[in-house]
Amino acid sequence: VEVTRDEVELPPPSIDNRLTVHSLWPEIDRISTEQLQAAFEGVGGQIGWQLFAEEGDMRMYRREVEVDGMVMDPLKAMHKVRGVSAREMCHYFFNPQYRYEWETTLETMNIVEAISSDAIVFHQTFKRIWPASQRDALFWSHVRAAPQHTYVVTNHSTTNDEYPSNTGACIRLFVTVCLACRTQWPAGETPSRDNISTSIAYCSTVNPGGWAPAGVLRAVYKREYPKFLKRFTNYVVEQCRGKPLVM
Ligand code: 16C
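In short, a report on the structure. (Residues numbered from 1 in each chain as written. Predicted model: local features only at pLDDT ≥ 70, side-chain atom pairs only at ≥ 80, totals over all residues. Heavy atoms only, no water.)

### Let's talk about the overall build of the protein
Our working rule: Strands are runs of DSSP state E lasting at least two residues, helices are runs of H or I lasting at least four, and both sets are numbered from the N terminus onward. Our radius of gyration looks at C-alpha atoms and nothing else; its globule reference is 2.2 Å times the residue count to the power 0.38. Think of it in three bands: with a 1.4 Å probe and only protein chains considered, a residue is buried below 20% of the maximum accessible area for its type, exposed above 50%, and partly exposed in between. In what follows, a contact means two residues having at least one pair of non-hydrogen atoms within 4.5 Å. Surface accessibility in these figures is a Shrake-Rupley result with a 1.4 Å probe; residues are shielded only by whichever protein chains are displayed. His is not counted, nor are the chain ends, whereas Lys and Arg count as positive and Asp and Glu as negative. By convention, the point assigned to a charge is CZ for Arg, NZ for Lys, CD for Glu and CG for Asp.
Along the protein, the regular secondary structure elements total five helices and 12 strands. Taking 247 residues into account, the globule formula puts the C-alpha radius of gyration at 18 Å, and the protein, at 18 Å, falls close to it. C-alpha extents for the protein along the principal axes are approximately 55 × 45 × 30 Å. Every one of the 247 residues in the protein was classed for burial, and the buried ones make up 51%. Look at the contacts in the protein between residues 6 or more apart in sequence, and 64% of them connect residues 24 or more apart. By element, 51% of the accessible surface of the protein is carried by carbon and sulfur atoms, the whole surface being about 12,000 Å². Across the protein, the mean location of the 26 positive side-chain charges is 6 Å away from that of the 29 negative side-chain charges.

Rendered as structure tokens:
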């Protein structure tokens, strides 16, 4: 499928027909729906969420989970940004042309399959965390609109015969990430950069795919997740400055 520049410009308000006929569609639809539902659920209801970072409107929680000695701590972050819409946030998160500008853990990024204007399969390699082996990931990414001025991007690991795991220097990690954004503004007013605010819920679970020292890994994510969310939201605010609002 050819995906033109124009089509990737903004997340479409409805699902692209080319996605709904793809073999990954049932999985993409199911996981995206589940992730969106969970994203705006509070952290109060579930036991075990610990606050580990707080700055301005940003709060980050994690749950300590180890499987066979491997750290798989789920992360949940909440944030609020003024002056940019949910659609704009998700546009910059989904679209590969901006990724190197805000993603600091990346070494390489390749498009494995451009399924449609709202779904892409990526292969990425990440910077190495000493003393563990370098990691790579193969995942689909899907952006969609939802009720209440909400947009959401879901990334979830997949497989592809042309990208076998653990054959070279990299160990394949497994990821489920969701960036859900909802825009609000005062009742009776017309939305503009001056009166909108967007609530962000970012959820991530990374399975390292093989041994990595627990202490190092927790130290790295405690530093890297807050860095990512601050950098990414600031990046979007900067990109949107002076441009007409897109809702
Ligand atoms: O969601 C984010 N980015 C998206 C677009 O790239 C996408 C990516 C998901 C992959 C997340 C896994 C990243 C593993 C990086 C390992 C190397 C980090 C090196 C940094 C030190 C210089 O959804 C934003 C992702 C923000 C990631 C924060 C870091 C999380 C570390 C979690 C531990 C990974 C285990 C690695 C085992 C050695």
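Picking up where we left off.
### A word on the nonpolar core
Put simply, the rule is: For our purposes a nonpolar core is just a set of buried Ala, Val, Leu, Ile, Met, Phe, Trp, Tyr and Cys residues, chained together by side-chain atoms within 4.5 Å.
Core analysis: the largest hydrophobic core is formed by 45 residues, its most contacted members being Met60, Phe93, Leu179, Tyr202, Phe232 and Val236. For Phe232, the residues in contact, after removing those within four places along its chain, are Met89, Tyr92, Phe93, Trp102 and Leu179. Trp25, Ile31, Ile115 and Val121 belong to the second-largest nonpolar core, a separate cluster that totals 10 residues.

### Here we look at the side chain of His142
Rules: Identification of polar contacts relies on pairs of N or O atoms within 3.5 Å, with a donor-acceptor requirement for protein atoms, meaning one able to donate a hydrogen and the other able to accept it, and with residues adjacent in sequence counted only if both atoms are side-chain atoms.
Among the secondary structure elements, His142 is positioned in strand 8 (residues 135–146). At 3.0 Å, the side chain of His142 and the side chain of Arg144 are in polar contact.

### Regarding the pattern of salt bridges
What counts is decided by this rule: Should a side-chain nitrogen of Lys or Arg be within 4 Å of a carboxyl oxygen of Asp or Glu, the pair is scored as a salt bridge.
One pass over the full model with this rule turns up 16 salt bridges. Two residues, Asp57 and Arg82, come together in a salt bridge whose shortest N-O distance is 3.3 Å. Taken together, the residues span a long stretch of sequence, with Asp57 in the loop between strand 1 (50–55) and strand 2 (58–62) and Arg82 in strand 5 (residues 75–82) at a distance of 25 residues. Between Glu238 and Arg241 there is a salt bridge; the shortest N-O distance is 2.8 Å. It is possible to trace a salt-bridge network through shared partners that takes in Arg62, Glu64, Glu66, Asp73 and Arg218.

### Side note on the site of the ligand
To keep it simple, the criterion reads: Any residue with a heavy atom positioned within 4 Å of a molecule or strand is treated as near that molecule or strand. Charged residues are taken to be Asp, Glu, Lys and Arg, nonpolar residues to be Ala, Val, Leu, Ile, Met, Phe, Trp, Tyr, Cys and Pro, and polar residues to be all remaining types, Gly included.
Around the ligand, the surrounding shell holds 23 residues, and the nearest of these are Glu103, Gln124, Lys127, Asn155 and Tyr202. Taking Glu103, its side chain carries an N or O atom lying 2.6 Å from an oxygen atom of the ligand. In the complex, the protein chains occlude 94% of the 850 Å² of accessible area that the ligand would expose alone. Of all the secondary structure elements, the ones that give two or more residues to the shell around the ligand are helix 4 (99–102), strand 7 (119–126), strand 11 (174–184), strand 12 (197–207) and helix 5 (214–240). Per-element accounting of the shell around the ligand gives the leading share, six residues, to helix 5. Its residues assigned to classes, the shell around the ligand comprises 14 nonpolar, three polar and six charged.

### Focus: the layout of surface pockets
For the record, the criterion: Definitions used for this entry: grid spacing 1 Å over protein atoms alone; cavity, a set of points where a 1.4 Å probe fits but cannot get out; pocket, an open set with protein on both sides within 12 Å along at least 5 of 7 lines; lining residue, one with an atom within 4 Å of a point. Grid points are joined across faces, edges and corners, and a volume is the space filled by probe spheres set on the points.
By volume, the largest pocket amounts to about 1,000 Å³. For the largest pocket, the lining is made up of 40 residues, of which Thr105, Phe126, Leu173, Val206 and Tyr225 are closest to its centre. Breaking the lining of the largest pocket down by element, the ones donating at least two residues are helix 4, strand 7, strand 8, strand 11, strand 12 and helix 5. Approximately 280 Å³ is the volume found for the second largest pocket. Lining the second largest pocket are 15 residues, with Gln35, Ala38, Trp49, Cys203 and Thr205 positioned closest to its centre. Going through the elements one at a time, helix 2 (25–39), strand 5 and strand 12 are the ones with two or more residues in the lining of the second largest pocket.

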